[in-house]
Amino acid sequence: MLVTMPSQRQLVGLLASLSIASFFLTAVMHRGAPGFLNFYDGHKASQPETKEPKHPIYKPIPEYVPPPIRDNFPLLSRSSKPLPIPEWNVPQKNLYKKYDLPIAPPLFIGFSRSWPILLQAVVSYITAGWPADQIYVVENTGVQQANTRGQLSLQNPFHLNHTTLKTLGVNIIQTPTLLSFAQLQNFYLSLTYSHNWPYYFWSHMDVLALSYEDGHETTPKYKEEGYKSLYTLALQALQEARNEDPRWGIRFFAYDHLALVNPEAYEDVGGWDTMIPYYITDCDMHSRLGMRNWTMKDAKAGIITDVSTTLDDLAALYRLENVETKFTDPNPPAPEKEDSKKNARGSSGNVRRRDATAGRLPPSTMLGKRERVAVYRGDLEARESDEQREDENLTRFRKLLKTADTMFHYKHGNRGRNTWQTGQRGGEGEPFYYNAAGLAEAIELTTENGKEVYRRKWGHRDCDLRQGAGLNFEDQWIVEKDW
Ligand SMILES: *[C@@H]1O[C@H](CO)[C@@H](O)[C@H](O)[C@H]1NC(C)=O
Ligand SMILES: *[C@@H]1O[C@H](CO)[C@@H](O)[C@H](O)[C@H]1NC(C)=O
Ligand SMILES: *[C@@H]1O[C@H](CO)[C@@H](O)[C@H](O)[C@H]1NC(C)=O
């Protein structure tokens with residue numbers, strides 16, 4: 001006889017799916033987001049039924065699609081070896097030894113999506129003097145071997161060209177699965193155990209790095225005796241931290257665009273809290289480091305600019321003649337007039353919503369609340385007012401600096417800070433394909449949930465856990481809310 005009662009195993013499965021459903025309910029209702037009911041109906045509809053099959057209702061197709069991504073370094077694509085970098089930034093062999101360092105420090109640059117932006121960051125570090133073989137691009141895409149095999153097209157958001165990176169001479173490390181921001185930070189920590197690395201640098205991928213080639217309080221100009229590139233100054237900061245501060249935890253360069261980490265400090269506080277995956281996880285981590293007396297100081301090594309756009313031709317960073325220093329937004333906004341017309345008619349709600357979603361994505365720069373604009377602008381003006389600096393190399397350098405500044409203001413002005421993350425929307429049918437807008441929305445939900453975890457963990461809503469709320473390291477999860 002056929003058993004019609006659910007078996008124990010099925011019951012357990014049902015209970016599990018109910019609790020997962022209620023988890024989603026809590027998360028989604030918390031944000032008051034629509035869509036849960038659809039989800040739930042879908043869930044019920046999967047039960048065997050005799051009625052007519054249901055048909056899904058599709059969201060409107062966005063009428064505006066950003067233009068395809070372009071190769072921003074065609075010269076490298078045609079070459080099998082890297083271009084020579086500006087000679088004044090070429091690092092001395094084994095320079096790290098001069099700074100009493102037991103090993104050359106690795107620089108991690110995490111990549112999840114937006115290849116042209118990553119390539120710009122990597123190339124800018126190299127041309128600013130960072131040895132390519134000490135750079136580790138950490139491929140955090142979740143696409144397994146697809147990029148290794150060259151299976152993802154340029155329009156796929158997860159596209160990463162291993163051949164190009166190898167030509168540049170940088171290393172690639174792959175995460176075994178797609179990690180959140182906090183998980184990625186702990187992955188960096190795990191690398192220090194497997195490689196015996198006593199320190200490391202990590203950089204955001206949406207930056208453009210330049211050395212202080214026209215002089216700075218930390219270094220003379222590029223041709224002068226004693227000039228120090230970004231890399232040299234980074235080594236110097238590491239040496240200082242090690243020699244002068246037994247409790248050094250982090251050194252931040254240009255806000256947190258580049259950071260130097262002491263793994264011992266991370267270990268002491270138990271690493272990043274992966275239950276707070278994106279926004280505000282930095283407040284959690286850095287507060288805990290401070291509570292345990294690890295120092296977090298600012299240091300200076302170069303001009304590392306937060307950008308959302310890329311130079312049209314990265315050859316400009318090599319100071320090649322006849323290369324224009326211009327930039328393009330890989331995800332330009334929809335044409336203004338059309339958009340408002342459509343919205344008046346109420347027919348392009350989907351486009352709008354997508355853009356709003358993009359604007360709220362977790363930033364790649366986690367300390368995003370600090371005010372960067374004013375400081376940066378002041379810095380640049382001081383440079384422009386100095387007049388006795390005209391030679392062709394400084395002229396090219398200043399053009400780059402000025403363009404970087406414009407890119408910075410573009411990112412922090414009209415254009416949403418994180419729109420660059422949703423520029424590429426292709427790749428349908430390729431291995432591990434994931435809808436780009438869907439990913440953005442899913443990360444947003446995960447982010448919101450992480451903020452709630454933070455609030456419950458500390459009983460406090462804001463970043464100021466120590467001075468503001470008087471909390472100590474031992475107070476995690478055992479305090480009532482203070483609002
Ligand atoms: C990667 O770049 C190389 C040139 O450097 C090119 O030949 C190859 O087609 C690119 N791979 C993909 C998957 O686009
Ligand atoms: C941190 O420093 C303060 C003040 O010097 C001291 O009272 C406290 O015990 C230290 N805490 C740790 C974990 O070292
Ligand atoms: C600019 O740099 C090049 C090397 O890339 C060098 O040959 C040239 O002399 C430099 N120009 C000046 C004015 O120093």
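As a starting point, this report considers the structure included with it. (Residues numbered from 1 in each chain as written. Chains lettered and ligands numbered in written order. Predicted model: local features only at pLDDT ≥ 70, side-chain atom pairs only at ≥ 80, totals over all residues. Heavy atoms only, no water.)

### Considering the overall build of the chain
So, step 1. Each helix and strand counted, the chain has 15 helices and eleven strands in total.
So, step 2. Here the chain holds 483 residues, and the buried ones make up 49% of them.
So, step 3. Long-range pairs, those at least 24 residues apart, make up 75% of the contacts in the chain between residues at least 6 apart in sequence. (Helix = DSSP H or I, 4+ residues; strand = E, 2+ residues; numbered from the N terminus. Buried < 20%, exposed > 50% of the residue type's maximum accessible area, 1.4 Å probe, protein only. Contact = heavy atoms within 4.5 Å.)

### A word on unusual backbone geometry
So, step 1. Here the phi dihedral of aspartate 100 falls at roughly 55°; this positive angle occurs in a residue that is not glycine.
So, step 2. Looking at the element boundaries, aspartate 100 is found in the loop between α4 (95–98) and β1 (107–111).
So, step 3. The exposure class of aspartate 100 is partly exposed, given its relative accessible area of 48%.
So, step 4. Even without glycine at this site, tyrosine 255 takes up a positive phi of about 60°.

### Observations regarding the pairing of strand β2 (residues 135–139)
A regular strand places its side chains on the two faces of the sheet in alternate fashion.
So, step 1. Where burial is concerned, most of β2 is hidden: five out of the five residues are buried.
So, step 2. With burial as the criterion, each face of β2 is covered, one bearing Ile135, Val137 and Glu139 and the other bearing Tyr136 and Val138.
So, step 3. Relative to β2, β1 is paired through five bridges, and the arrangement is parallel. Within the sheet, the bridge partner assigned to glycine 110 lies in β2 and is valine 138.
So, step 4. Taken together, β1, helix α5 (residues 115–127) and β2 form a β-α-β motif whose crossover is right-handed.
So, step 5. Where β2 meets strand β3 (residues 171–174), four bridges bridge the pair, whose relative direction is parallel. (Pairing = 2+ DSSP bridges. Right-handed = clockwise from strand over helix to strand, strands pointing away.)

### Examining the state of the cysteines
So, step 1. Under the definition given, this model contains one disulfide.
So, step 2. The disulfide partner of cysteine 283 is cysteine 463, and the S-S distance across this bridge is 2.0 Å. The chirality of the disulfide connecting cysteine 283 with cysteine 463 is left-handed, given an S-S dihedral of about -105°. One end of the pair, cysteine 283, is in helix α10 (residues 281–291); the other, cysteine 463, is in the segment after α15 (436–458), with 180 residues separating them in the sequence.
So, step 3. Classification of cysteine 283 by relative accessible area gives buried; the value is 6%.
So, step 4. Cysteine 463 gets classed as partly exposed once you look at its relative accessible area, which sits at 37%. (Disulfide = S-S within 2.5 Å.)

### Quick notes on the packing of aromatic side chains
So, step 1. Taken as a whole, this structure holds 17 aromatic pairs when the rule is applied.
So, step 2. A ring pair is formed by phenylalanine 108 and tryptophan 197, whose centres lie 5.7 Å apart and whose planes are at 55°; its orientation type is tilted. Of this pair, phenylalanine 108 sits in strand β1 while tryptophan 197 sits in the loop between α7 (181–195) and β4 (200–203), and the two are 89 residues apart along the sequence. In this structure, phenylalanine 108 and tryptophan 197 share a single accessibility class: buried.
So, step 3. A connected cluster of aromatic rings, assembled from ring pairs, spans Phe108, Tyr136, Phe181, Tyr188, Trp197, Tyr200, Trp202, Tyr266 and Trp272.
So, step 4. Over the ring of tryptophan 294 we find arginine 247; its NZ or CZ atom is 3.9 Å from the centre of that ring.
So, step 5. The ring of phenylalanine 473 has arginine 292 sitting right over it, with the charged end atom 5.5 Å from the ring centre. (Phe/Tyr/Trp six-rings, centres within 6.5 Å; stacked < 30°, edge-to-face > 60°. Lys NZ or Arg CZ within 6 Å of the ring centre and 35° of its normal.)

### Observations regarding the packing of α10 against α15
So, step 1. Close contact between α10 and α15 brings their axes to 11 Å; oriented N to C, the two are set at 30°. If you check the angle between α10 and α15, you find them roughly parallel. Across from Cys283, Asp284, Arg288 and Met291 in α10, the residues of α15 making contact are Tyr454, Lys457 and Trp458. (Axes fitted to C-alpha atoms, helices over the stretch in contact; angles between N-to-C directions. Parallel < 35°, antiparallel > 145°, perpendicular 65-115°, else oblique.)

### Side note on the site of ligand 3
So, step 1. Taken together, Glu87, Trp88, Tyr222, Lys223, Asp391, Glu392 and Asn393 make up the full set of residues adjacent to ligand 3.
So, step 2. A distance of 3.0 Å separates an oxygen atom of ligand 3 from a polar side-chain atom of lysine 223.
So, step 3. Residue asparagine 393 places a side-chain N or O atom 2.4 Å away from an oxygen atom belonging to ligand 3.
So, step 4. Considering ligand 3 on its own, with 360 Å² of exposed area, one finds that the protein chains cover 54% of that surface. (Near = heavy atom within 4 Å. Polar contact = N/O pair within 3.5 Å; in protein donor to acceptor, adjacent residues only side chain to side chain. Areas by Shrake-Rupley, 256 points an atom, 1.4 Å probe, with all protein chains shown as cover.)

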